[in-house]
Amino acid sequence: MNILVAEDVKDIALLYKKVLEVRNHQVTVTSNGEDCLKCYHDVFQEMISSQMVRMQHFQVPFDVVLLDYKMPQINGMEVAKEILAVNSHQRIIFASAHVKETLEDSIKQLKQVVELLQKPFTINKLIDTIEDKFVYNELQKLNVDIDVVKAFIPTHQQITDLLERLRKIQKNNSNSSSSSFRFF
């Protein structure tokens, strides 16, 4: 995955970078909101100019943007608003010690709920969230062949949509019969 991190505490940013790179992710770290936006816009413009964005398949410049909520210069919420204004498909995860405030602000200002990691959190929690471990575990419970799904290299939105649809199918099937089923 290609991950953009905005974290103003240098040691924490370095830890995120090292841990995620060990897991074969490409990580770009910025230390404030202004640099994060510049990096995002540069990569987004490069992607558009190189014809990587096609009408039938919209891509995002980063698989995940991990934002510290409270940062100097431009805070995480303002960064998220600007990113989502140019690319509403971008997956954003806030890392915040102020989860209630972050959640309330995301609903008011972004008009949507975003993913949140409450600081302090473990490295495993960071990895599990970024790599969608919970969603994949839920899909496995529905007898989905995870290797087949991962082979398609789905976006976060695609796998969460798949999970939601399969849950609806399972609910409908359990209402009509008790037989088991296997997807893929």
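Preceding block: the structure.
Quick look at the structure, then. Since this is a predicted model, take the numbers as computed values, not measurements. Numbering of residues starts from 1 in every chain and runs along the sequence as written. Totals for whole chains, interfaces and linings use every residue, but because this is a predicted model, local features are given only for residues with pLDDT of at least 70 and side-chain atom pairs only at 80 or more, for both listing and counting. Side-chain measures here rest on the full set of heavy atoms in the structure, leaving out hydrogens and waters.

Details of the overall build of the protein
Next up, step 1: Helix and strand assignments follow DSSP, with helices taken as H or I runs no shorter than four residues and strands as E runs no shorter than two, numbered in order from the N terminus. Scanning the protein for helices and strands turns up eight helices and five strands.
Next up, step 2: Mapped in sequence order, the helices and strands of the protein form the string β-α-β-α-β-α-β-α-β-α-α-α-α.
Next up, step 3: In terms of overall dimensions, the protein is globule-like: its C-alpha atoms have a radius of gyration of 18 Å, near the 16 Å expected for 184 residues.
Next up, step 4: The dimensions of the protein, computed from C-alpha atoms along their principal axes, are 55 × 40 × 35 Å.
Next up, step 5: A 1.4 Å probe rolled over the protein chains alone gives each residue an accessible area, and that area as a share of the maximum for its type sets the label: buried under 20%, exposed over 50%, partly exposed in between. By the burial criterion, 39% of the 184 residues in the protein qualify as buried.
Next up, step 6: Any two residues whose heavy atoms approach within 4.5 Å are treated as being in contact. Pairs at least 24 apart in sequence give 64% of the contacts found in the protein among residues at least 6 apart.
Next up, step 7: Here the Shrake-Rupley method, with its probe set to 1.4 Å, supplies the accessible areas, and only the displayed protein chains count as covering residues. Split by element, the accessible area of the protein, about 11000 Å² in all, is 52% carbon and sulfur. Based on C-alpha atoms, the radius of gyration is set beside the globule rule, defined as 2.2 Å times the residue count to the power 0.38.

Points about the nonpolar core
Next up, step 1: With 22 residues, the main nonpolar core has V65, L67, I92 and F94 as its most contacted residues.
Next up, step 2: Breaking this core down by element, the ones donating at least two residues are strand 1 (2-6), helix 2 (33-49), strand 3 (64-68), helix 3 (76-86) and strand 4 (92-96).
Next up, step 3: Element by element, the count of residues in this core is highest for helix 2, at six residues.
Next up, step 4: Those residues in contact with F94, other than ones at most four positions away along the chain, are L67, Y69, G76, M77, A80, T102, L110, V114, E115, L116 and L117.
Next up, step 5: Put simply, buried Ala, Val, Leu, Ile, Met, Phe, Trp, Tyr and Cys residues joined by side-chain atoms within 4.5 Å make one nonpolar core. Ranked by size, the runner-up nonpolar core spans 15 residues in total, among them Y16, L117, F121 and L126.

Overview of the sheet that holds strand 1
Next up, step 1: Strand pairing follows a simple DSSP-based rule, namely that at least 2 bridges must link the two strands. Strand order in the open sheet made by the five strands is 2-1-3-4-5, with parallel pairing throughout. In this open sheet, the two strands that pair with only one neighbour each are strand 2 (26-30) and strand 5 (115-118). With strand direction ignored, the average angle separating the axes of adjacent strands in the sheet is 20°.
Next up, step 2: Examined bridge by bridge, strand 1 and strand 3 share four bridges and lie parallel to one another. Bridging across to strand 3, I3 finds its partner in V64.
Next up, step 3: Axis geometry follows a simple rule: fit a line to the C-alpha atoms, using only the stretch in contact for helices, then measure angles between N-to-C directions, giving values from 0 to 180 degrees. Where helix 1 (residues 10-22) meets the sheet, it contacts strand 1, strand 2, strand 3 and strand 4, and its direction lies at approximately 175° from that of strand 2.
Next up, step 4: Contacts from helix 3 reach strand 3 and strand 4 within the one sheet, and its direction differs from that of strand 4 by about 180°.

Describing the packing of helix 3 against helix 4 (residues 99-110)
A pair of packed helices can be characterised by two numbers: the angle between their axes and the separation between those axes.
Next up, step 1: Between helix 3 and helix 4, whose axes approach to 11 Å, the crossing angle comes to 35°. The chirality of how helix 3 crosses helix 4 is right-handed. Counted together, M77, E78, A80, K81 and L84 of helix 3 and T102, D105, S106, Q109 and L110 of helix 4 form the full contact between these two elements.
Next up, step 2: In terms of residue class, the contact of helix 3 with helix 4 is built from four nonpolar, three polar and three charged. Crossings are sorted by hand: turned counterclockwise from the far helix by less than a right angle, the near helix makes the crossing left-handed, and turned clockwise it makes it right-handed. Ten residue types, Ala, Val, Leu, Ile, Met, Phe, Trp, Tyr, Cys and Pro, are classed as nonpolar, four, Asp, Glu, Lys and Arg, as charged, and the remainder, Gly among them, as polar.

Focus: the packing of helix 1 against helix 5 (residues 123-130)
Next up, step 1: Interaxial distance between helix 1 and helix 5 falls to 11 Å at its minimum, and their mutual angle equals 60°. Judged by the inter-axis angle, helix 1 sits oblique to helix 5. Between helix 1 and helix 5 lies a crossing of right-handed hand. For the pair helix 1 and helix 5, contact is made by L15, Y16, V19 and L20 and by I123, L126, I127 and I130, respectively.
Next up, step 2: Across the contact of helix 1 with helix 5, the residue classes tally to eight nonpolar, no polar and no charged. Orientation categories follow fixed angle ranges, with anything under 35 degrees roughly parallel, anything over 145 roughly antiparallel, 65 to 115 roughly perpendicular, and all other angles oblique.

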